[in-house]
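Geometric and topological summary
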Amino acid sequence: MNNLRVVPIPAGSSILHEHQQQQEWWRQVLDPGGEIVNGWNRIFFAICMIALYIDPLFFYLIRLEPHHNCLSMEYHLAGFLVLTRTLVDLFSSIHILIKFRTAYIAPNSTVFGRGDLVTDTNLIAARYLKRNFAIDLAAALPLPQCVVWGIMPMAVARTSNHVNHTITLLIILQYIPRLIIIFPLNWRIIKNTGVVAKTAWTGAAYNLILYLLASHALGAIWYLMSVERIYSCWRDYCALEGRSVCNTGYFDCLSTLPGHDAWHNSTLVFQRCDGHTGVYNFGMFEIALHDHIASVNFFEKYFYCLWFGLKSLSSYGQSMEASAKVTETIFGILVCIMGLLFFSLLIGNVQTYLQSTTARLEEWRVKRRDTEEWMRHRQLPPNLQERVRRFVQYNWLSTRGVKEEEILHELPLDIRREVQKHLCLDLVRRVPFFSKMDNQLLDAICQRLVSSLNTKGTYIVREGDPVNEMLFIIRGQLESSTTDGGRSGFFNSITLKVGDFCGEELLNWALMATSHLNLPASTRTVKCITEVEAFALRADDLKFFAAQFKRLHSKRLQHSFRYYSHQWRTWGACILQAAWRRHRRRKLADELSRQESMLSLQDLDYGDDDDDDDPSRRGGSALTAALLAKRFAKKAKRGTSTLWKLKILAGESTSPIPKLFKPDEPTF
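Residues numbered from 1 in each chain as written. Predicted model: local features only at pLDDT ≥ 70, side-chain atom pairs only at ≥ 80, totals over all residues. Heavy atoms only, no water.

1. Topic: the state of the cysteines
Across all of its chains, the model carries one disulfide by this definition. Paired through a disulfide, Cys238 and Cys246 show a sulfur-sulfur distance of 1.8 Å. Residues Cys238 and Cys246 are joined by a disulfide whose S-S torsion is about -115°; by sign, that bridge is left-handed. Cys246 gets classed as buried once you look at its relative accessible area, which sits at 4%. (Disulfide = S-S within 2.5 Å. Buried < 20%, exposed > 50% of the residue type's maximum accessible area, 1.4 Å probe, protein only.)

Spelled out as structure tokens, the structure:
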């Protein structure tokens, strides 16, 4: 043993995998926490459950022939069971070979972390032979096959009851190591993967299958004991008739003993053991005799025995009427104990698994009830109570009670970054202002975005309040309005949709090199028109971006910020409207000046003819001047009406626009 050594390879590391790739597949040492071993453990766990189901079926091989009153064997069923059991034992043999090639964790290395793997094959084999090899070998031995292939052909010389006793003994003895294998295998699966059943419904079905498996084994044992009780009755009354008259070999359907037919026609054994005379006490097996369970086909007696097992376990054995025989009483006691244990485990585990599916819903109901009691205790007004209820309902429908921030906080940094990138990157790129940034800056923004839910009618921020977050809309609509600090005669309102953002004052504040702790005041009032889902960037995060990424100070982003900022858009729109009105006024003044000059020229023309003092000519000149004045007034009125209509169509107010101050220039 001096040349044996322990290779300190951390459990679950890639070093073992790289080492395996350099060897042949039959010489590889498997990691006990790797995907191959975990997958095989789950497969072998299902195979063990099948084996626990197959073994009790051997108890149904013996049956009663109703017309000949003898015992026979189900050879077709025996062939199927032998084939199935052989395949199961083949998997058990493969499991033994895999365990000879599965590394283990050195016990003295588990002080910190998961410990180091022992990959020396000699140490692995020595440890396995000392600990679990005997149990695995006992569970994998093909003992029932040996009975069917070796003892059943000799049934002519020996009664079928002897064969039945042999199979029963071997099945019971081998059932114990199979049960022992299940528990450590289940523990290893839970240790490596966390759970046996990954979903709540799978866990409930798994516990129900275990309960049905126990009922199946109990029903098979009850059937075997029923046949044994009938055979005991035959044997007892046969002994009363004497060996010279009755031979127990007559109870075998394959018997060729002389005198069988004569004895069968004259004996009273079968009349005394039919269950109707009441001479022999069959105890809890009397129902099997009355219903002729031992004489029907396989499927009828199987489902009948399964029903009996379920009924006995569910009622804790209260439906059974046992006789004074010790074996029958002990069987009844075991049924009561098993029923109490398995039924309690079934109800408890299934209830736990099913409650886990509605745990979030119950938590929300309790929270909603507490909220209602709190609102009644504080005597909130009805409209405010309705707003609170609407928000609680909307929050539940959007998140289903899952606290996303807690889940992300528990993840490693790299996984958290990838998850947030997957969730937020496409949404962030839909915001036009962010579409101008590079991927590195967008990744950093995605890491610090937090979800924000708001119901209809909620005010995100009011004009003059400090802005503590910048909001990017991904679903819903917002109304953003301003009065320019409460100035009379001024009101501007716009609708923010998907891809828009609000709270740009915070970005301006974050980009200032001399920014102080006081947050900027909002220049607009933002209210939810519909239910809104958005991502929010908080003030500290924006300050971090401004200090960490100098690309935020570029002229390109400055122009993008001005273009998509609604504060700058409002200021620009007011400047354009004022310039347009000044242009219209100058144009109207020029038109009036031109028309006045034309009238002056006409007056000069008429003034040259005034040298003639003819009264008729002076009267014609006055009439002409009156007509020209009337025509000028009509044109002036038509121009004013046209200008008024143009202003109305353009959406301009007739009142003068108050001057709107230019927004603060960010120090990009």
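That shown, we press on.
2. Concerning the packing of helix α2 (residues 35–54) against helix α3 (residues 75–100)
The geometry of a pair of packed helices is captured by two quantities: the angle between their axes and the separation between those axes. At a minimum axis separation of 10 Å, α2 and α3 run at an interaxial angle of 145°. Note on packing geometry: the crossing formed by α2 with α3 is left-handed. Between α2, through Trp40, Asn41, Phe44, Ile47, Ile50, Ala51 and Ile54, and α3, the contact on the second element is made entirely by Leu81, Thr84, Val88, Phe91, Ser92, Ile94, His95 and Ile98. Of the residues in the contact of α2 with α3, the class split is eleven nonpolar, four polar and no charged. (Axes fitted to C-alpha atoms, helices over the stretch in contact; angles between N-to-C directions. Helix = DSSP H or I, 4+ residues; strand = E, 2+ residues; numbered from the N terminus. Left-handed = near helix turned anticlockwise from the far one by under 90°. Contact = heavy atoms within 4.5 Å. Nonpolar A, V, L, I, M, F, W, Y, C, P; charged D, E, K, R; others polar.)

3. Details of the nonpolar core
Grouped together as the largest cluster of nonpolar side chains are 58 residues, with contacts concentrated most on Tyr60, Leu61, Trp222, Trp234 and Phe251. Beyond its immediate sequence surroundings of up to four residues, Tyr60 is in contact with Glu74, Leu77, Gly219, Ala220, Tyr223, Phe298, Lys301, Tyr302 and Cys305. In terms of nonpolar packing, the next biggest core, distinct from the first, is built from 32 residues, Cys446, Leu449, Ala510 and Leu511 among them. (Core = buried A, V, L, I, M, F, W, Y, C linked by side-chain atoms within 4.5 Å.)

4. Comments concerning the pattern of salt bridges
Taken as a whole and assessed by the stated rule, the structure comprises 16 salt bridges. Across the pair Glu74 and Arg63 runs a salt bridge whose closest N-O atoms are separated by 3.0 Å. Placement of Glu74 in the loop between β3 (70–73) and α3 and of Arg63 in strand β2 (residues 62–65) is noted, with a sequence separation of eleven residues between them. Measuring nitrogen to oxygen at the nearest pair gives 2.9 Å for the salt bridge that ties Asp89 to Arg178. In this pair, Asp89 sits in helix α3 while Arg178 sits in helix α7 (residues 160–193), placing the two residues 89 residues apart along the sequence. The class for Asp89 is buried, based on a relative accessible area of 5%. (Salt bridge = Lys/Arg side-chain N within 4 Å of Asp/Glu carboxyl O.)

5. Describing the sheet that holds strand β7 (residues 459–461)
Taken in spatial order, the four strands of this open sheet run β7-β12-β9-β10, and their pairing is antiparallel. In this open sheet, the two edge strands, each paired with only one partner strand, are β7 and β10 (492–496). The sheet shows a mean angle of 25° between the axes of neighbouring strands, direction not considered. As paired strands, strand β9 (residues 478–482) and strand β12 (residues 525–528) are joined by four bridges and run antiparallel to one another. Of the residues in β12, the one forming a bridge with Leu478 is Cys528. (Pairing = 2+ DSSP bridges.)

6. Focus: the sheet that holds strand β6 (residues 450–454)
Read across the sheet, four strands follow the order β6-β13-β8-β11 without closing on themselves; strand pairing throughout is antiparallel. In the strand order of this sheet, the two ends are held by β6 and β11 (501–502), each with one partner. The sheet contact formed by strand β8 (residues 469–475) and strand β13 (residues 532–538) spans six bridges and is antiparallel. Looking at the pairing, Ile473 lines up with Ala534 of β13. Along the sheet, helix α19 (residues 504–511) contacts β8, β11 and β13; its crossing angle with β8, the most-contacted strand, is approximately 140°.

7. As for the environment of Ile209
Structurally, Ile209 can be placed in helix α8 (residues 200–241). The sequence separation of Ile209 and Met49 amounts to 160 residues, and the corresponding C-alpha distance is 9.4 Å.

8. Thoughts on α2
With 20 residues, α2 extends 29 Å from end C-alpha to end C-alpha; this agrees with the ideal 28 Å at 1.5 Å per step. Taken as a whole, α2 has its buried residues at Val37, Asn38, Trp40, Asn41, Phe44, Phe45, Ile47, Cys48, Met49, Ala51, Leu52 and Ile54. (Expected span 1.5 Å × (residues − 1).)

9. Comments concerning the UniProt feature "transmembrane region" (unreviewed entry) in the protein chain
Per the UniProt annotation, the sites labelled "transmembrane region" (unreviewed entry) are residues 43–63, 75–98, 167–185, 205–225 and 329–348. The distance separating the terminal C-alpha atoms of residues 205–225 is 30 Å; by composition the span is 100% helix and 0% strand. Within residues 329–348, the helical portion is 100% and the strand portion 0%, while the C-alpha atoms at the span's ends are 29 Å from each other. (UniProt positions renumbered as here; feature names shortened; annotations may be inferred.)

10. Things to note about the environment of Ile221
Mapping Ile221 onto the fold places it in helix α8. Take Ile221: its relative accessible area is 31%, and that puts it in the partly exposed class. Linking Ile221 and Phe59, residues 162 residues apart in sequence, is a C-alpha distance of 7.1 Å. Among all residues touching Ile221, those that are not within four sequence positions of it are Phe59 and Phe331.

11. A word on the packing of α19 against helix α20 (residues 539–548)
At their nearest, the axes of α19 and α20 sit 8 Å apart, and the two run at 45° to each other. With respect to their mutual orientation, α19 and α20 come out oblique. Crossing angle aside, the handedness with which α19 passes α20 is right-handed. Contacts between α19 and α20 involve Leu506, Leu507, Trp509, Ala510 and Leu511 from the first element and Ala539, Leu542, Lys543 and Ala546 from the second. Residues that form the contact of α19 with α20 fall into these classes: eight nonpolar, no polar and one charged. (Parallel < 35°, antiparallel > 145°, perpendicular 65-115°, else oblique.)

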